[in-house]
Amino acid sequence: MDRRDDADLMTALRTFRDSGLLVLPEVFDAARVAALRSAYDDLLRAELGHDTSQRVQPTDGAKHVQMQLPLVPPFSDVETVAHPLLLRVLTGILGEDFHCSYYNSNTAFPGSTYQRVHRDAGPVFGTDLGVPTPTTAVVVNIPLCDFTRENGSTEVWPASHLIVDSADDADVDLTTRAEALASARMDVPAGAAVVRDLRLWHRGVPNRSGEARSMLAVVYQRGWLSWRAKSLRVPAATWRAWPDHVRSIFSAAPVDPDQHQQ
Ligand SMILES: O=C(O)CCC(=O)C(=O)O
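Quick caveat: nothing in here was measured; it's all calculated off a predicted structure.

Grouped together as the largest cluster of nonpolar side chains are 50 residues, with contacts concentrated most on Phe75, Val89, Tyr103, Val195, Leu216, Tyr220 and Phe250. Take this core: its biggest share by element is seven residues, from helix 4 (residues 84-94).

Let's shift gears to unusual backbone geometry. In this structure, Pro74 follows Pro73 across a cis peptide bond, with omega equal to 0°. Looking at the secondary structure, you find Pro74 in the loop between strand 3 (64-67) and helix 3 (78-81). Residue Glu26 is not a glycine yet carries a positive backbone phi of 55°. Of note, Ala159 is a non-glycine position whose phi angle comes to about 75°, a positive value. In this structure, Ala159 sits in the loop between strand 6 (155-156) and helix 5 (174-178). Owing to a relative accessible area of 32%, Ala159 belongs among the partly exposed residues under this scheme.

Below, the discussion takes up the side chain of Ser76. By secondary structure assignment, the location of Ser76 is in the loop between strand 3 and helix 3. Among the residues examined, Ser76 registers a relative accessible area of 5% and is labelled buried. The residues touching Ser76, leaving out its near neighbours within four places in the chain, are Leu71, Val81, Thr238 and Trp242.

Let us look at the sheet that holds strand 9 (residues 202-203). If you trace the three strands from one edge of the open sheet to the other, you get 7-6-9, paired in antiparallel fashion. Each having just a single partner strand, strand 7 (184-185) and strand 9 make up the two edges of the open sheet. Both strand 6 and strand 7 contribute to a ladder of two bridges, which runs antiparallel. Bridging from a neighbouring strand, Val156 pairs with Ala184 of strand 7.

Tracing the sequence through the fold places His64 in strand 3. Exposure remark for His64: the relative accessible area of 5% places this residue in the buried category. Within the structure, His64 has its side chain in polar contact with the backbone oxygen of Thr113 (distance 2.7 Å). Residues within four places of His64 in sequence aside, it is in contact with Gln57, Pro58, Thr59, Thr107, Ala108, Ser112, Thr113, Gln115, Gly204 and Val205.

A separate point is the environment of Ser160. Relative to the helices and strands, Ser160 resides in the loop between strand 6 and helix 5. Overall, Ser160 belongs to the buried group, its relative accessible area being 2%. Taking C-alpha positions, Ser160 is 7.5 Å from Arg199, a pair spaced 39 residues apart along the chain. Those residues within four positions of Ser160 in sequence are excluded, and the remaining contacts are Arg199, Leu200 and Trp201.

A few words on the site of the ligand. What surrounds the ligand is the set Thr59, Asn106, Gln115, His118, Thr154, His202, Gly204, Arg213 and Met215. At 3.1 Å, a side-chain N or O of Thr59 approaches an oxygen atom of the ligand. One of the side-chain nitrogen or oxygen atoms of His202 is found 3.0 Å away from an oxygen atom of the ligand. A breakdown of the residues in the shell around the ligand according to their chemical character gives one nonpolar, seven polar and one charged.

Our focus in this paragraph is the sheet that holds strand 3. The seven strands are arranged 1-8-5-10-4-3-2 in an open sheet whose pairing can be described as antiparallel. Of all the strands in the sheet, just strand 1 (21-24) and strand 2 (56-58) have a single pairing partner and so form its edges. Here the strands of the sheet are splayed against their neighbours by 25° on average, with no regard to which way each runs. Sheet topology places strand 1 next to strand 8 (residues 193-197); four bridges connect them, and they run antiparallel. Note on strand 8: the bridge partner recorded for Val23 is Val194. Along the sheet face, helix 1 (residues 6-19) touches strand 1, strand 5 (137-143) and strand 8 and points at about 140° away from the line of strand 1. Sheet strands touched by helix 2 (residues 30-48): strand 2, strand 3, strand 4 (98-108), strand 5 and strand 10 (213-222). Its angle to strand 3, the strand with the most contacts, is close to 105°.

Reading the values: rules and limits
Residues numbered from 1 in each chain as written. Predicted model: local features only at pLDDT ≥ 70, side-chain atom pairs only at ≥ 80, totals over all residues. Heavy atoms only, no water. Core = buried A, V, L, I, M, F, W, Y, C linked by side-chain atoms within 4.5 Å. Buried < 20%, exposed > 50% of the residue type's maximum accessible area, 1.4 Å probe, protein only. Helix = DSSP H or I, 4+ residues; strand = E, 2+ residues; numbered from the N terminus. Contact = heavy atoms within 4.5 Å. Pairing = 2+ DSSP bridges. Polar contact = N/O pair within 3.5 Å; in protein donor to acceptor, adjacent residues only side chain to side chain. Near = heavy atom within 4 Å. Nonpolar A, V, L, I, M, F, W, Y, C, P; charged D, E, K, R; others polar. Axes fitted to C-alpha atoms, helices over the stretch in contact; angles between N-to-C directions.

Encoded structure:
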């Protein structure tokens, strides 16, 4: 979406509905990506150094980790969590009332292996409804480096967000089912944002480069789904710094009092 007018937005939203995925190039400038990357790398290094750390969790596949991120600058900056272009797209997908419910990240270290093909969330009515619903939740991936075949750009199965499982399908894992379907790779430069329906089939893949490949993963849901965002906490200083429209996006998360008031 280069010309950010209404026609481009309609095309982008249609592409998202059709494929379950939307790449928005050049959302973040180089300085923002560099600031996020530097803060992220510091945090990851510090967290990996603590054996008891709860924040860094291994995920499926070797050398893939996820880490929840604190709502402090630059992760909490308005330009990161509520970039105007992203807000237009998110409003188009989720409606006016949506909340951020989860702030995570994924790193594939050199030597990482294939994950199993998976969805981040199943259909909102489980198997009770035999047809797909409109999107209720998305993850916004913010790559912190160029994503390439070499360093393990995420593999995705376009349009798989519309697949509704029957009872028979439940016994066959997605990795097996995906073998019959065409996949694509999320080859995007740093600065892009990728909006993905949480139901879309995807997996982490081998990173054959010498550098870690990281991305932020920020989840936004329709307001009625995320009446409480259990894993998020907003520091009081961040809450004070946010304008009202950003507070409203994070209104499902509790605000922590200032340290000196505790
Ligand atoms: O890092 C990636 O490319 C995908 C990671 C992922 O989907 C996961 O860990 O659940």
